[in-house]
Amino acid sequence: MMSSIAIPSVLLVGGSGAVGRRAALALRQLHPDLPITIGGRDLAKASRLADTLGRADAVRIDLDRVDLGLPAPARHSAIAVLMKDPTLRTLAHAQRHGIPYLAFSDFVFDIAPLVARVIHAPQAAPVLLLGHTMGGTAALAALYLVQGLRRVDSLDIAAVLDEHDAGGPAAQADISELAQGAPLPLVLQDGSFRWLPAAAAGRRFTGADGRVHQGQAYPLMDVASLAAETDARSIRVDLALRQRPAERVAELSNEVIIEVAGEQADGSAVRRRLELVHDDTYSALSAFGVAIALERLLGLVGGPPVAGGLHQPERLLDPGHVMARLQAFGVRCTAASTS
């Protein structure tokens, strides 16, 4: 593994939020010597996290400024944006300095301004779209599940979140945006991309504990990514809430259920299922995805630093490596196959 000692710090914008804090801790676990800068609006909160991490500092981020309010000279090895940046000044900063950029908080309908900016300067910096279920971990687990199949007919991802797991302010803002009339969820249905109307957006599925959940299609990036990677005929992503009595809030957990139907190399039909279960908030699993993606962007694992251009996680990350990382982080992974 490449030494991280000489690498400038990784800037986590929104780094003291629910996902950012866990991503910083996960990144520190993976790379104890990697410098980290926690960027946020609340400098005191960011500083407390930096003190906990060690080899870290904190800065106040101002999205209204071209320089983001960073002290000069500000030099970082990568920028991960874990909140909405409607100005895209964080991306412009990364492009000016030619450093990797991770866009975590964009829904599938949010990406046009970012894509346009990358098209205008395609080699300025590597830009990773990571607006996927659980920070891309679900999509990579799905690719692990379909390995060896000659054909993929359907690929369904479902995430079960605890009803008391509201996430941080950024997550709550996303939920509010959707509730106020965001575009319909994107699915791949019988070979065609469709924006599902409300009447068709629900789906029932069985969770890891055998309980049946009512899910709702969600406008995340997985559908577009996995369609390009697998040529599946049908793909969708659903989220469901697990009801839990208020007195059991301390028992928060989340799970991802991935189901695939297709054809094996010998022509036989097969159905496979993979369950990812983690005893924490959903922010934790998302944060693991951020940390795994950042170490790849920097060239700390899996090859040299990523070159300029627009990237998606399935083109950069090895599914087996991601699964091994998740299990090392304490995620329980259970697979089943029924021909």
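Please refer to the structure placed before this passage.
What comes next is a walk through the structure.

The rules we used
Residues numbered from 1 in each chain as written. Predicted model: local features only at pLDDT ≥ 70, side-chain atom pairs only at ≥ 80, totals over all residues. Heavy atoms only, no water. 1 Å grid on protein atoms, 1.4 Å probe; cavity = no way out; pocket = protein on both sides within 12 Å on 5 of 7 lines; lining within 4 Å. Points joined across faces, edges and corners; volume = space filled by probe spheres on them. Helix = DSSP H or I, 4+ residues; strand = E, 2+ residues; numbered from the N terminus. Nonpolar A, V, L, I, M, F, W, Y, C, P; charged D, E, K, R; others polar. Salt bridge = Lys/Arg side-chain N within 4 Å of Asp/Glu carboxyl O. Buried < 20%, exposed > 50% of the residue type's maximum accessible area, 1.4 Å probe, protein only.

Turning our attention to empty space enclosed by the protein. Under the defined criterion, the tally for this structure stands at one cavity of 30 Å³ or more. Here the largest cavity defines a volume of roughly 40 Å³. Elements represented by at least two residues in the lining of the largest cavity include exactly α5 (137-145) and α8 (282-297). For the lining of the largest cavity, the class distribution of residues is six nonpolar, four polar and no charged.

Glancing now at the pattern of salt bridges. Counting across every chain of the model gives 14 salt bridges. Two residues, Asp153 and Arg151, come together in a salt bridge whose shortest N-O distance is 2.6 Å. With a relative accessible area of 26%, Asp153 lands in the partly exposed category. The partner of Glu229 in a salt bridge is Arg315, with the nearest N and O atoms 3.0 Å apart. Separated by 86 residues along the polypeptide, Glu229 in helix α7 (residues 222-230) and Arg315 in helix α9 (residues 313-316) bring together distant segments of the chain. Here Glu229 falls in the partly exposed class, since its relative accessible area comes to 31%. On the basis of relative accessible area, Arg315 is assigned to the exposed category, the value being 61%. Here the salt bridges share partners, and the residues they tie into one network are Arg150, Arg151, Asp153 and Glu263.

Turning our eyes to something else, we now look at unusual backbone geometry. Excluding glycine, residues mostly have negative phi values, and the peptide bonds linking residues are mostly trans. Unlike most non-glycine residues, Leu68 shows phi in positive territory, near 65°. By secondary structure assignment, the location of Leu68 is in the loop between β3 (56-60) and β4 (78-81). The class of Leu68 is buried, set by a relative accessible area of 0%. Although it is not a glycine, Leu88 sits at a positive phi angle of roughly 60°. Counting through the fold element by element, Leu88 comes out in the loop between β4 and α3 (89-97). On the basis of relative accessibility, which here comes to 13%, the residue Leu88 falls in the buried class.

Purely spatial values, then, with no claim about function.
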